[in-house]
Amino acid sequence: MKDETVRATAFAMPIANPAFPAGPYRFVNREYFIIQYRTDPDALRRIVPEPLAITDPVVNYEFIRMPDSTGFGDYTESGQVIPVSFQGQAGSFVHQMFLNDHPPIAGGRELWGFPKKLAQPKLAVEIDTLVGTLNYGSVRIATGTMGYKHRPLDAVAEAKKLAAPNFLLKIIPHVDGTARICELVRFHCEDINVKGAWTGPAALDLYSHALAPIAELPVLQVLSAKHVVADLTLGLGTVVHDYLSAGVTARRRESPSGILIEANAG
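Note on numbering: residues in each chain are counted from 1, in written sequence order. Owing to the predicted nature of the model, reporting of local features is limited to residues with pLDDT of at least 70; listing and counting of side-chain atom pairs is limited to 80 or more, with chain, interface and lining totals taken over all residues. Each side-chain value is derived from all of the structure's non-hydrogen atoms; neither hydrogens nor water enter the calculation.

- Taking an unreviewed UniProt entry as the reference, the chain is identified by name as Acetoacetate decarboxylase belonging to Bradyrhizobium iriomotense.

Pasting the structure below:
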């Protein structure tokens, strides 16, 4: 295979049979169950990376059902999203996500930097209750419940919330084990059509696990919950902060001679 062929065809791993197709990535009947809860502010400070700023000591715990997604198929995911601000703009930092389908794990990590791992989330209606669960292997680590469609929410307002910026910490290592890419990435959901939105009484339980530490952001008080069904396109991202370049700049400022060996940057 010639150099130009490699360059023309290399958009994902492995080059001979990529784990996911090129975008755009459209989601039809994407179903959200989001429980917002108050947590320990010190725990949040240990997790949220600069230059993002914490707005309130709250977390959005999400169960998301995706029955029809371009190239990724039919899958479910679950995890924690933290409200933050970046240069005065409100948004959300995606902290942990667990899902049951390889292509969106590979694509999410390689393209955007989504913090995705393999697990077994589920979202379903059980009689009068919307139920979300997350198992890591055989161990239950999250259970969320909400009264099914108790009260409607404003669809336009929910669409605006879905369109707000999201932030990710993208990390890709070099072959020597050091960081090759370490960036703060911003992305948006686009072409959003909210088909329905509801709220109701809700509860959330998180359980400790060594490799899925969602309980390290403890549930102190459930504040609200919502169930949203929407079609949307997952937009590609932009880099808003390069931690490796920022580290080089900081060490230059600290160097008495002003001279830096670039190999120290990685």
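A word on the UniProt feature "active site" (unreviewed entry) in the chain
Point 1. UniProt positions are given in the numbering used here, feature names are shortened, and annotations may be inferred rather than shown by experiment. Per the UniProt record, "active site" (unreviewed entry) is found at K116.
Point 2. A helix here means a DSSP run of H or I that spans at least four residues, while a strand means a run of E at least two residues long, and both kinds are numbered starting from the N terminus. Note that K116 resides in strand β6 (residues 116-118).
Point 3. We call two residues in contact when some of their heavy atoms are within 4.5 Å. What K116 contacts, discounting residues up to four positions off in sequence, is E77, M97, L99, P104, I105, G108 and R109.

Quick word on the sheet that holds strand β7 (residues 120-126)
Point 1. If you walk across this open sheet you meet the 4 strands as β7-β8-β9-β14, and the pairing is antiparallel. Among the strands making up the open sheet, the edge pair consists of β7 and β14 (202-206). Across the sheet, the mean angle separating the axes of adjacent strands is 10° when strand polarity is ignored.
Point 2. We treat two strands as partners when DSSP finds at least two bridges between them. As judged from the 5 bridges shared by strand β9 (residues 139-147) and β14, these two strands associate in the antiparallel manner. Bridged to T143 within β14 is D205. Here an angle of 0 to 180 degrees is reported between the N-to-C directions of two axes, which are lines fitted to C-alpha atoms, with helices fitted over the stretch in contact.

Details of unusual backbone geometry
Point 1. With an omega dihedral of -20°, the bond running from M13 to P14 counts as a cis peptide bond.
Point 2. For P14, the position within the fold is in the loop between α1 (3-9) and β1 (25-38).
Point 3. Residue P51 is reached from E50 by a cis peptide bond, and omega for that bond is 5°.
Point 4. Here P51 is to be found in the loop between α2 (41-47) and β2 (53-54).
Point 5. Although it is not a glycine, Q87 sits at a positive phi angle of roughly 50°.
Point 6. Its place among the elements puts Q87 in the loop between β4 (73-86) and β5 (89-99).
Point 7. Buried, partly exposed and exposed residues are distinguished by accessible area as a fraction of the type maximum, computed with a 1.4 Å probe on protein chains only: under 20%, between the cut-offs, and over 50%, respectively. Overall, Q87 belongs to the exposed group, its relative accessible area being 72%.

Describing the pattern of salt bridges
As a working rule, side chains carrying opposite charge can pair if their charged atoms are close by.
Point 1. Any carboxyl oxygen of Asp or Glu within 4 Å of a side-chain nitrogen of Lys or Arg constitutes a salt bridge here. Taken as a whole and assessed by the stated rule, the structure comprises 6 salt bridges.
Point 2. The salt bridge involving D74 is made with R65; its shortest N-O contact spans 2.6 Å.
Point 3. Under the relative-accessibility criterion, D74 is labelled partly exposed at 48%.
Point 4. Across the pair E77 and K116 runs a salt bridge whose closest N-O atoms are separated by 3.2 Å. With E77 in strand β4 and K116 in strand β6, this pair connects stretches of sequence that are 39 residues apart. For the pair shown, E77 and K116 are each scored as buried.
Point 5. It is possible to trace a salt-bridge network through shared partners that takes in E158, K161 and K226.

Describing the pairing of strand β15 (residues 221-234)
Point 1. Of all 14 residues in β15, 10 are buried, a share of seventy percent or more.
Point 2. Note: β1 against β15, 12 bridges, orientation antiparallel. Within the sheet, the bridge partner assigned to E31 lies in β15 and is V229.
Point 3. In this structure, strand β13 (residues 189-199) lies alongside β15, joined through 7 bridges in antiparallel fashion. The residue bridging E190 from the neighbouring strand is T233, located in β15.

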